[in-house]
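This is what each chain is made of:
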Amino acid sequence: MARGLNKAMLIGHLGTDPELRVTPSGQSVANFTVATNESFKDSSGNLQERTEWHRIVAWGRLAEICQQYLKKGRQVYIEGKLQTRSWDDQKTGEKRYTTEIVCSDMQMLGSPRDQGGGNQGGNYPQGNTGQAYGGGSYQGRDQQQQNSGYPSSPPGGMQEQEKDDLPF
């Protein structure tokens, strides 16, 4: 029997600086948004552009790296899975839902000098320089989140062999 597939891959620009929090169990979690743009011609032949906003959640060391190196406006590649979670609104008592991308792999694209922030000297964590136009690649690991409202994130990222097949 075939398994399902839940995989999201984005290239876009950060809409906000990552916000880092620590759960009661001590687990780091970062939240930020990424905007992707799509151009298309409408039925009249006019060029239209649509921007889609995506909520991103990163856990553990990957969350700390995102908070440290990513800034609003920075171009980034995000890979992860779609996840919908719910909670009860404390004001209205209604059940609320949100769909997020739980990030398992992040690559900074472009130069920090060109991207509205980041580390101006290119001082990325040792061993992660020179990838994706001077950016770094960071993969999350399986985390146990207790009392956080989020389930576990998957073991992170693509294999090195698969990364070589990417067109960017």
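Criteria and thresholds
- Residues numbered from 1 in each chain as written.
- Predicted model: local features only at pLDDT ≥ 70, side-chain atom pairs only at ≥ 80, totals over all residues.
- Heavy atoms only, no water.
- Helix = DSSP H or I, 4+ residues; strand = E, 2+ residues; numbered from the N terminus.
- Buried < 20%, exposed > 50% of the residue type's maximum accessible area, 1.4 Å probe, protein only.
- Contact = heavy atoms within 4.5 Å.
- Areas by Shrake-Rupley, 256 points an atom, 1.4 Å probe, with all protein chains shown as cover.
- Pairing = 2+ DSSP bridges.
- pLDDT = per-residue confidence, 0-100.

Moving on, we get to the overall build of the protein. For the protein, the count of helices and strands is two helices and seven strands. Element order for the protein, N to C, with α for helix and β for strand: β-β-β-β-α-β-β-β-α. Of all 168 residues assigned to the protein, the portion counted as buried reaches 41%. Counting contacts in the protein only where the partners sit at least 6 residues apart, residues at least 24 apart contribute 59% of the total. For the protein, the exposed surface amounts to about 10,200 Å²; the carbon and sulfur share of it is 43%.

With that settled, the discussion passes to the pairing of strand 6 (residues 95-108). Along strand 6, 10 of the 14 residues are buried, which leaves the element largely enclosed by surrounding structure. Sheet topology places strand 4 (residues 47-59) next to strand 6; two bridges connect them, and they run parallel. Counterpart to V57 in the pairing with strand 6 is V102. Where strand 5 (residues 75-88) lies against strand 6, 13 bridges are found, and the strand directions are antiparallel. Bridge pairing links I78 to M106 in strand 6. Hairpin geometry of strand 5 and strand 6 is characterised by an intervening segment of six residues between the two adjacent antiparallel strands and by a positive phi of about 80° at G93.

Take N31: it is sitting in strand 3 (residues 28-41). For N31, a relative accessible area of 19% corresponds to the buried category. Along the primary structure N31 and V57 are separated by 26 residues, whereas in three dimensions their C-alpha atoms are 4.8 Å apart.

On to the environment of K41, then. Here K41 lies in strand 3. Ignoring anything within four residues of it in the chain, the contact list for K41 reads N46 and L47.

The next point concerns the confidence of the model for the protein. For the protein, mean pLDDT is 76; residues scoring 70 or higher make up 66% of the total. Note that pLDDT drops below 50 for residues 117-135; the model gives that stretch 38 contacts with residues more than four away or on any other chain. Low pLDDT (under 50) marks residues 141-163, which in the prediction has 55 contacts with non-local residues, meaning those over four places away or in another chain.

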